[in-house]
Amino acid sequence: MKILVSSCLLGEDVKYDGGNNSIALNPKVSFSLKELFMDILCENEIYSFCPEVSGGLKTPRTPAEIVKRDKPFIVQTQNGEDVTINFLLGAKKALDLCIEEDIKVALLKANSPSCGNIKTYDGTFTNTLIESQGLSAKLLKENGITVFNEEELKELSKFIKTNK
(Lines give C-alpha, C1' and ligand atoms only; values in the text may rest on other atoms or scores of the structure.)
Protein backbone atom coordinates (compact mmCIF):
# COMPACT_ATOMS: atom_id res chain seq x y z
CA MET A 1 0.00 0.00 0.00
CA LYS A 2 1.17 3.53 -0.71
CA ILE A 3 1.42 5.68 2.44
CA LEU A 4 2.21 9.38 2.78
CA VAL A 5 4.36 9.80 5.92
CA SER A 6 5.41 13.01 7.67
CA SER A 7 9.12 13.38 6.98
CA CYS A 8 9.87 14.22 10.62
CA LEU A 9 8.49 10.83 11.72
CA LEU A 10 11.02 9.17 9.42
CA GLY A 11 13.87 11.02 11.14
CA GLU A 12 14.32 13.85 8.65
CA ASP A 13 15.34 17.12 10.30
CA VAL A 14 12.43 19.26 9.09
CA LYS A 15 10.82 20.33 12.39
CA TYR A 16 10.58 24.01 13.19
CA ASP A 17 13.52 23.64 15.63
CA GLY A 18 15.70 21.84 13.08
CA GLY A 19 15.15 18.43 14.66
CA ASN A 20 12.84 15.51 13.93
CA ASN A 21 10.21 13.29 15.54
CA SER A 22 11.74 9.94 14.60
CA ILE A 23 9.56 7.07 15.75
CA ALA A 24 12.33 4.49 15.36
CA LEU A 25 14.85 6.44 17.45
CA ASN A 26 12.51 7.90 20.09
CA PRO A 27 13.37 6.44 23.52
CA LYS A 28 9.79 7.10 24.69
CA VAL A 29 8.32 4.74 22.07
CA SER A 30 8.08 1.10 23.12
CA PHE A 31 10.08 -1.49 21.23
CA SER A 32 6.91 -3.23 20.06
CA LEU A 33 5.60 0.01 18.51
CA LYS A 34 8.99 0.68 16.89
CA GLU A 35 8.88 -2.83 15.47
CA LEU A 36 5.34 -2.27 14.17
CA PHE A 37 6.44 1.03 12.59
CA MET A 38 9.40 -0.65 10.90
CA ASP A 39 7.11 -3.42 9.60
CA ILE A 40 4.80 -0.77 8.14
CA LEU A 41 7.77 0.95 6.46
CA CYS A 42 9.22 -2.28 5.07
CA GLU A 43 5.95 -3.77 3.82
CA ASN A 44 4.54 -0.67 2.11
CA GLU A 45 5.52 2.02 -0.37
CA ILE A 46 6.41 5.12 1.66
CA TYR A 47 6.22 8.70 0.41
CA SER A 48 8.06 11.07 2.76
CA PHE A 49 6.55 14.55 2.84
CA CYS A 50 6.75 17.71 4.97
CA PRO A 51 4.00 20.19 4.06
CA GLU A 52 5.69 23.09 5.83
CA VAL A 53 9.01 22.68 4.02
CA SER A 54 7.19 21.94 0.75
CA GLY A 55 5.23 25.14 1.31
CA GLY A 56 8.45 27.14 1.36
CA LEU A 57 9.33 27.40 5.04
CA LYS A 58 12.96 26.92 6.07
CA THR A 59 14.39 24.73 8.80
CA PRO A 60 14.82 25.83 11.52
CA ARG A 61 11.95 28.33 11.66
CA THR A 62 9.91 30.20 14.24
CA PRO A 63 7.09 28.03 15.68
CA ALA A 64 3.69 28.63 14.07
CA GLU A 65 0.12 27.90 15.13
CA ILE A 66 -3.31 28.23 13.58
CA VAL A 67 -4.89 31.37 15.01
CA LYS A 68 -8.07 31.30 12.89
CA ARG A 69 -9.54 27.88 12.08
CA ASP A 70 -12.28 28.71 9.58
CA LYS A 71 -11.91 30.33 6.19
CA PRO A 72 -10.00 32.47 5.69
CA PHE A 73 -7.50 30.46 7.78
CA ILE A 74 -4.72 32.32 9.52
CA VAL A 75 -1.45 30.70 10.59
CA GLN A 76 1.06 32.90 12.37
CA THR A 77 4.49 32.45 13.84
CA GLN A 78 5.14 33.09 17.50
CA ASN A 79 6.38 36.58 16.57
CA GLY A 80 3.29 37.43 14.48
CA GLU A 81 4.46 36.68 10.92
CA ASP A 82 1.64 35.43 8.69
CA VAL A 83 2.70 32.09 7.16
CA THR A 84 -0.78 31.00 6.08
CA ILE A 85 0.11 30.81 2.39
CA ASN A 86 3.03 28.47 3.16
CA PHE A 87 0.76 26.13 5.10
CA LEU A 88 -1.94 26.20 2.41
CA LEU A 89 0.59 25.62 -0.36
CA GLY A 90 2.10 22.70 1.56
CA ALA A 91 -1.35 21.19 2.11
CA LYS A 92 -2.15 21.51 -1.62
CA LYS A 93 1.16 19.88 -2.56
CA ALA A 94 0.44 17.00 -0.15
CA LEU A 95 -2.96 16.48 -1.75
CA ASP A 96 -1.49 16.73 -5.26
CA LEU A 97 1.07 14.03 -4.42
CA CYS A 98 -1.65 11.76 -3.03
CA ILE A 99 -3.77 12.21 -6.16
CA GLU A 100 -0.84 11.79 -8.54
CA GLU A 101 0.42 8.64 -6.82
CA ASP A 102 -3.02 7.26 -5.84
CA ILE A 103 -2.17 7.37 -2.13
CA LYS A 104 -5.22 6.65 0.05
CA VAL A 105 -3.69 6.76 3.55
CA ALA A 106 -1.34 9.03 5.47
CA LEU A 107 0.65 8.80 8.71
CA LEU A 108 1.09 12.36 9.92
CA LYS A 109 2.58 14.09 12.98
CA ALA A 110 0.12 14.50 15.83
CA ASN A 111 -0.71 18.01 17.07
CA SER A 112 1.06 19.80 14.20
CA PRO A 113 -0.58 22.88 12.63
CA SER A 114 -0.09 21.11 9.30
CA CYS A 115 -0.42 17.44 10.13
CA GLY A 116 -2.43 17.07 13.33
CA ASN A 117 -5.42 14.85 12.58
CA ILE A 118 -7.18 15.07 15.96
CA LYS A 119 -5.68 17.94 17.96
CA THR A 120 -3.57 21.02 17.30
CA TYR A 121 -2.25 23.82 19.46
CA ASP A 122 -4.83 26.53 20.09
CA GLY A 123 -2.98 29.51 18.58
CA THR A 124 -1.92 31.10 21.88
CA PHE A 125 1.58 29.53 22.01
CA THR A 126 0.86 28.23 25.52
CA ASN A 127 1.16 24.50 24.63
CA THR A 128 -2.63 24.18 24.90
CA LEU A 129 -4.12 21.47 22.67
CA ILE A 130 -7.66 21.61 21.32
CA GLU A 131 -9.70 19.30 19.12
CA SER A 132 -8.82 20.56 15.68
CA GLN A 133 -7.07 19.47 12.50
CA GLY A 134 -3.93 20.82 10.89
CA LEU A 135 -4.43 22.30 7.43
CA SER A 136 -2.84 19.40 5.52
CA ALA A 137 -4.64 16.72 7.52
CA LYS A 138 -7.93 18.56 7.03
CA LEU A 139 -7.47 18.88 3.25
CA LEU A 140 -6.44 15.25 2.87
CA LYS A 141 -9.42 14.02 4.91
CA GLU A 142 -11.81 16.23 2.93
CA ASN A 143 -10.53 14.52 -0.20
CA GLY A 144 -10.95 10.94 0.96
CA ILE A 145 -7.47 10.24 2.33
CA THR A 146 -7.54 8.35 5.64
CA VAL A 147 -5.21 10.04 8.14
CA PHE A 148 -3.52 8.50 11.18
CA ASN A 149 -0.92 9.92 13.57
CA GLU A 150 2.06 8.26 15.24
CA GLU A 151 -0.05 7.41 18.30
CA GLU A 152 -2.36 5.35 16.05
CA LEU A 153 0.14 2.85 14.61
CA LYS A 154 -1.96 -0.16 15.62
CA GLU A 155 -5.02 1.35 13.93
CA LEU A 156 -2.95 2.11 10.82
CA SER A 157 -1.68 -1.47 10.74
CA LYS A 158 -5.26 -2.80 10.93
CA PHE A 159 -6.32 -0.40 8.18
CA ILE A 160 -3.51 -1.63 5.93
CA LYS A 161 -4.39 -5.29 6.51
CA THR A 162 -8.08 -4.78 5.77
CA ASN A 163 -7.51 -2.60 2.68
CA LYS A 164 -4.76 -4.48 0.81
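It should be emphasised that the depicted structure is a prediction, and the values quoted were computed from it without experimental measurement. Residue positions are counted from 1 within each chain, in the order its sequence is given. For a predicted model such as this one, the threshold for reporting local features is a pLDDT of at least 70, and the threshold for listing and counting side-chain atom pairs is 80 or more; totals across whole chains, interfaces and linings nevertheless cover every residue. In computing side-chain values, all of the structure's heavy atoms are included and hydrogens and water are not.

> Looking at this structure, how should I read the overall build of the protein chain?
Strands here mean DSSP runs of E at least two residues long; helices mean DSSP runs of H or I at least four residues long; both are numbered from the N terminus. When helices and strands are counted, the protein chain shows five helices and eight strands. In sequence order, the protein chain lays out its α and β elements as β-α-β-α-β-β-α-β-β-β-α-β-α. Only the C-alpha atoms count toward the radius of gyration. The rule for a globule is 2.2 Å times the residue count to the power 0.38. Taking 15 Å as the expected radius of gyration for a compact globule of 164 residues, we find that the protein chain reaches 15 Å, a close match to that expectation. C-alpha extents for the protein chain along the principal axes are approximately 45 × 35 × 25 Å. Working definition: with a 1.4 Å probe on protein chains only, accessible area under 20% of the residue-type maximum means buried, over 50% means exposed, and in between means partly exposed. Sorting the 164 residues of the protein chain into buried and exposed places 45% on the buried side.

> Can you help me understand the packing of helix 1 (residues 31-43) against helix 5 (residues 153-163) in this one?
A pair of packed helices is characterised by two quantities: the angle between their axes and the separation of those axes. For the pair helix 1 and helix 5, the least separation of the axes is 10 Å and the interaxial angle reads 35°. Both helix 1 and helix 5 take part in a crossing whose hand is left-handed. Counted together, Leu33, Leu36, Phe37 and Ile40 of helix 1 and Leu153, Lys154, Leu156, Ser157 and Ile160 of helix 5 form the full contact between these two elements. Taken together, the residues that form the contact of helix 1 with helix 5 break down as seven nonpolar, one polar and one charged. Fitting a line to C-alpha atoms yields each axis, with helices limited to the stretch in contact; the angle taken between N-to-C directions then spans 0 to 180 degrees. Should the near helix be turned anticlockwise from the far one by less than a right angle, the crossing is termed left-handed; should it be turned clockwise, right-handed. In this description, contact between two residues means that some pair of their heavy atoms is separated by no more than 4.5 Å. Residues are grouped as follows: Ala, Val, Leu, Ile, Met, Phe, Trp, Tyr, Cys and Pro are nonpolar; Asp, Glu, Lys and Arg are charged; every other residue, Gly included, is polar.

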